[in-house]
Amino acid sequence: MAPKGAHAPDLEKFLDTLKSRPVDASVDSLISLLKRRQIRGAEPCAIATAHILLQVVAKDKWIDVDQLIGRVQLIGRKLVTAQPHELVIGNVVKRVLGLIRDEAEEDRNDNGTDTPPNATPSLPPAIVASTPERLVRPASLTAAGSFARTQSMFTLLSDPDFDPSPTSTPRLGSGASTPQRHPQSTNVHALRSEVIDGIEEIMDEIRQVDEQVQAYAEIIIHPGDYIMVHQPSRTVQKFLMRAATKRKFTLFLVVDPSEASTTDDAYASLRKSLSSGGSTVVNIMNVGLMAYMSRVNKVILGARAITRKGGVVVDAGAAVIARAAREQGRTVIVLGGVYKLSPDSRYHDETFVEWGDPSKYVNFADGEMVQQVRVRNALAEFVPTELVNTYITNLGAHSKDHLHGIVADHYKEEDINFDLFGKTQR
């Protein structure tokens, strides 16, 4: 069995087809995979979304920032509609929208102050021929961004002693509206390259989350601690294994009875790693966790998603552990990358519950029960803000009061307010 949270084979196959397929065909393929849940889980969905948006930026023939933003918003809505339970899809779309706005603003500033009019390379004929004479868009965005970007090639090659002539591109805020065809064409080339670099940085950030989060393991877990986890994700497993290299502690591993009865052990590597370091692993079924809660020091949960107000989407069964910990006065710690932190606060608790196939609990051979009873199997559920003490992301440890600031640092206000669900949410 693949480690919990590892990339599914369907994701790898999908990524391999991106270069040979048109953008629209790749979008339709991803929508199909998301609907059928062949790509599932926060990290695979985030990586797939980032890759498809990179293809949009790189391959589509857009001629200005507004057209690119509109295209990303359209595809973002399609992906979110295909799988609304994966909040990271909307998160990545909004991160990319903010990235485009930031890079476009930087390019306008560069063109307005530093770029010589004769330093503009020409676009491919197909793009230049379709570019109408347009007015320069006035500045409407802030220049503050979440990422440190390298300056464009045109800025680096520009002459620092250049004195703009009256016919060159006006500075931002000058109020001028002279048509500027060639400087705008330059922006397309520069912006495409810069946004592609930015999306690749987002993907690198997603891939490095586990390594960065586990750096805090030795601070959180102390020698002799009793730690309880529920069906630990790959992030939680690596966190525990990192702590076990320097600490000896007892782990209460809560698993679903249906998973415990299978022959494959999803947590074999975790048990082996902790045992080799001198730590103890105790298996607990969901029904018996209350008997052990009085001995627990900390509960550590992996997040599927985190809302800006601090609520957490977790695997089904974890919410009851968080409530039990609250009743016993135990600390609840949530692990998750910043890319899982959703800027949208319009969700309701029931929105996060995902229902799955109940056949692993009720066999269809039980004819009378199947006919008379409606069985529902929750795959994910919601942990309210008040049940969580600390959030650990790739940026460090945070309280719920700090989450709003992280959202503000990573998303633009106009994108936070943009409804990716559209009519599907009503």
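Our structure's up above, just so we're on the same page.
Residues numbered from 1 in each chain as written. Predicted model: local features only at pLDDT ≥ 70, side-chain atom pairs only at ≥ 80, totals over all residues. Heavy atoms only, no water.

Visitor: Help me understand the packing of aromatic side chains in this model?
Guide: The way to describe two aromatic rings as a pair is by their centre distance and the angle between their planes. The full count for this structure, using the stated rule, is two aromatic pairs. Between the aromatic rings of F252 and Y292, the centroid separation amounts to 5.2 Å while the plane-to-plane angle is 55°, which identifies the pairing as tilted. One end of the pair, F252, is in strand β2 (residues 250-255); the other, Y292, is in helix α14 (residues 290-293), with 40 residues separating them in the sequence. What makes Y292 partly exposed here is its relative accessible area of 31%. Feature note: the residues Y226, F252 and Y292 constitute an aromatic cluster, connected by ring pairs. (Phe/Tyr/Trp six-rings, centres within 6.5 Å; stacked < 30°, edge-to-face > 60°. Helix = DSSP H or I, 4+ residues; strand = E, 2+ residues; numbered from the N terminus. Buried < 20%, exposed > 50% of the residue type's maximum accessible area, 1.4 Å probe, protein only.)

Visitor: Whenever I open this one, the sheet that holds strand β5 (residues 305-307) confuses me. Can you help?
Guide: Sheet strands pair by backbone hydrogen bonding; their relative direction is either parallel or antiparallel. Spatially, the five strands line up as an open sheet ordered β8-β5-β6-β10-β9, and their pairing is mixed. A strand with exactly one partner marks an edge of an open sheet, and here the two such strands are β8 (341-342) and β9 (354-356). Relative to strand β10 (residues 377-383), β9 runs antiparallel, the two sharing three bridges. Looking at β10, one finds that W355 is bridged to A378. Against the sheet, helix α15 (residues 318-328) contacts β6 (312-315) and β10, and its axis sits at roughly 35° relative to β10. (Pairing = 2+ DSSP bridges. Contact = heavy atoms within 4.5 Å. Axes fitted to C-alpha atoms, helices over the stretch in contact; angles between N-to-C directions.)

Visitor: Hey, could you run me through the pattern of salt bridges in this one?
Guide: Inspection of every chain in the model, using the stated rule, returns 14 salt bridges. Across the pair R71 and D24 runs a salt bridge, and its minimum N-O distance is 2.7 Å. Of this pair, R71 sits in helix α4 (residues 65-82) while D24 sits in helix α2 (residues 23-35), placing them 47 residues apart in sequence. If you follow the salt bridges from partner to partner, you end up with D24, D60 and R71 in one network. (Salt bridge = Lys/Arg side-chain N within 4 Å of Asp/Glu carboxyl O.)

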